[in-house]
Structures are given as structure tokens and as C-alpha cells.
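Letter by letter, the chains look like this.
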Amino acid sequence: MPHEPSPRAICEYALAKLCAGNTGIAFALITTRDARVVSYRAHASIDAGRLAAMTSSILAVCESLSNEFDGGGCHSVALSMREYTCVIARIPAAQHSISLAIGVRGDVLLAHARRMTLDLADRIAASLDALAIERAAGSPAPAT
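The paragraphs below set out a description of the structure included in this document.

Parameters at a glance
Residues numbered from 1 in each chain as written. Predicted model: local features only at pLDDT ≥ 70, side-chain atom pairs only at ≥ 80, totals over all residues. Heavy atoms only, no water. Pairing = 2+ DSSP bridges. Helix = DSSP H or I, 4+ residues; strand = E, 2+ residues; numbered from the N terminus. Axes fitted to C-alpha atoms, helices over the stretch in contact; angles between N-to-C directions. Contact = heavy atoms within 4.5 Å. Buried < 20%, exposed > 50% of the residue type's maximum accessible area, 1.4 Å probe, protein only. Core = buried A, V, L, I, M, F, W, Y, C linked by side-chain atoms within 4.5 Å. Parallel < 35°, antiparallel > 145°, perpendicular 65-115°, else oblique. Left-handed = near helix turned anticlockwise from the far one by under 90°. Nonpolar A, V, L, I, M, F, W, Y, C, P; charged D, E, K, R; others polar.

Two modes of strand pairing occur in sheets, parallel and antiparallel, and in both the strands are linked by backbone hydrogen bonds. Strand order in this open sheet of five strands is β2-β1-β5-β4-β3, and the pairing throughout is antiparallel. In the strand order of this sheet, the two ends are held by β2 (37-42) and β3 (76-80), each with one partner. Across the sheet, the axes of successive neighbouring strands diverge by a mean angle of 10°, strand direction being ignored. As defined by bridge partners, strand β1 (residues 25-32) adjoins β2 across five bridges and the pair is classed as antiparallel. Looking at the pairing, F27 lines up with A42 of β2. Each of β1, β2, β3, β4 (84-91) and β5 (98-105) touches helix α2 (residues 48-68); the most contacted strand, β1, lies at about 70° to it. Each of β1, β3, β4 and β5 touches helix α3 (residues 110-136); the most contacted strand, β4, lies at about 25° to it.

In C-alpha cells:
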């Protein structure tokens, strides 16, 4: 865990830990709903800002589709391509509107990529929510 906890530091730490030693991951991205990059890691040369815009747009389209079917909101979406799989998920943190996208090589099973993405999204949300509770309780918060 980061020495000076901040939402960005929590996200940076989570992606660094995910990508360390996991060669199947092509990229991992945390972005705001309006496509601002919070944290990014990649083994390939991919423009983080462009990727953030695309993942935010994909989630917005899926959210509209979910609303059309009264699906209760879009929590995640999986894109299966010939060479890659990309899973995009909302990070269910109470005070943050952010999402996580993880791209993996084609030899990684879709179910594994989805589970990895959803589990990490939940862990990040838990850390962000714990930080918010700590700060609300009056604990000194470091400058971000």
C-alpha cells in the first residue's frame, strides 16, 4: 500500500501490483467517467488518453443499452478480439466515478480476464472507501 494514501496513489499501487510479473496483461487503465486518465500501465505502446476516451465511450453505450432493457446498469463489458480480450468495469467506490480496463493477450481465458478485472475493481473500491471513511473521521489527510 502507498505510504501517503491518496486516491491516485491507491490506483497506481493496484495497477503496479497487477502488472508486476503478469506478462499476459497488455495494458491496465483506470479512468474517470469523463475519460481522464487516473493510472495507466502497458507492455505495448498505446495512447492512454485515447484508450481512456474509448473505454469511457464503450461504457456509456453499454449503460444506455442496459437502461433500454431495464438491465439495472452496466457494471462491466468484455470485448473479445482475435489477439486480445479487454474487460472494462466500473469501480464501485462510493465517492468516485471511475472505471478499470484491463487488456490481456488472446491466450488468456475470457472468464479469467473478467474475474481478474472485477476482483481488482472491488479491491480498489474497498481501499478508496476505507480512505474516505478515514478522512471523514478526522484523520490527517496527506496533501495530494
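Extensive coverage of β1 is indicated by the burial of eight of its eight residues. Direction of pairing for β1 relative to β5: antiparallel, over a ladder of seven bridges. Paired with T32 across the bridge in β5 is I98. Between β1 and the antiparallel strand that follows it, β2, lie four residues; A35 among them carries a positive phi value of about 70°.

The pairing of β3 with β4 spans five bridges and is antiparallel. Considered in β4, the bridge of A78 is made with V87. Linking β3 to β4, which pair antiparallel, is a turn of three residues.

Bringing the nonpolar core into the picture now. Inside soluble globular proteins, nonpolar side chains tend to come together where they are buried. Counting 26 residues, the largest nonpolar core has L18, I30, I91, L100, I102, L120 and I124 as the members making the most contacts within it. Elements that contribute at least two residues to this core include exactly α1 (7-19), β1, β4, β5 and α3. The element that contributes the greatest number of residues to this core is α3, accounting for eight residues. In contact with I102, not counting residues within four places along its chain, are L18, I25, F27, A28, T85, C86, V87, M116, T117 and L120.

Where α1 meets α3, the closest approach of the two axes is 10 Å, and the angle between their N-to-C directions is 150°. Relative to α3, α1 is oriented roughly antiparallel. You can see that α1 and α3 cross each other, and the crossing is right-handed. For the pair formed by α1 and α3, the contact residues are P7, I10, C11, A14, L15 and L18 on the first element and M116, L120, I124, S127, L128, L131 and R135 on the second. When the residues that make up the contact of α1 with α3 are grouped by side-chain class, the tally is eleven nonpolar, one polar and one charged.

The quantities given are spatial measurements derived from coordinates; they are silent on function.
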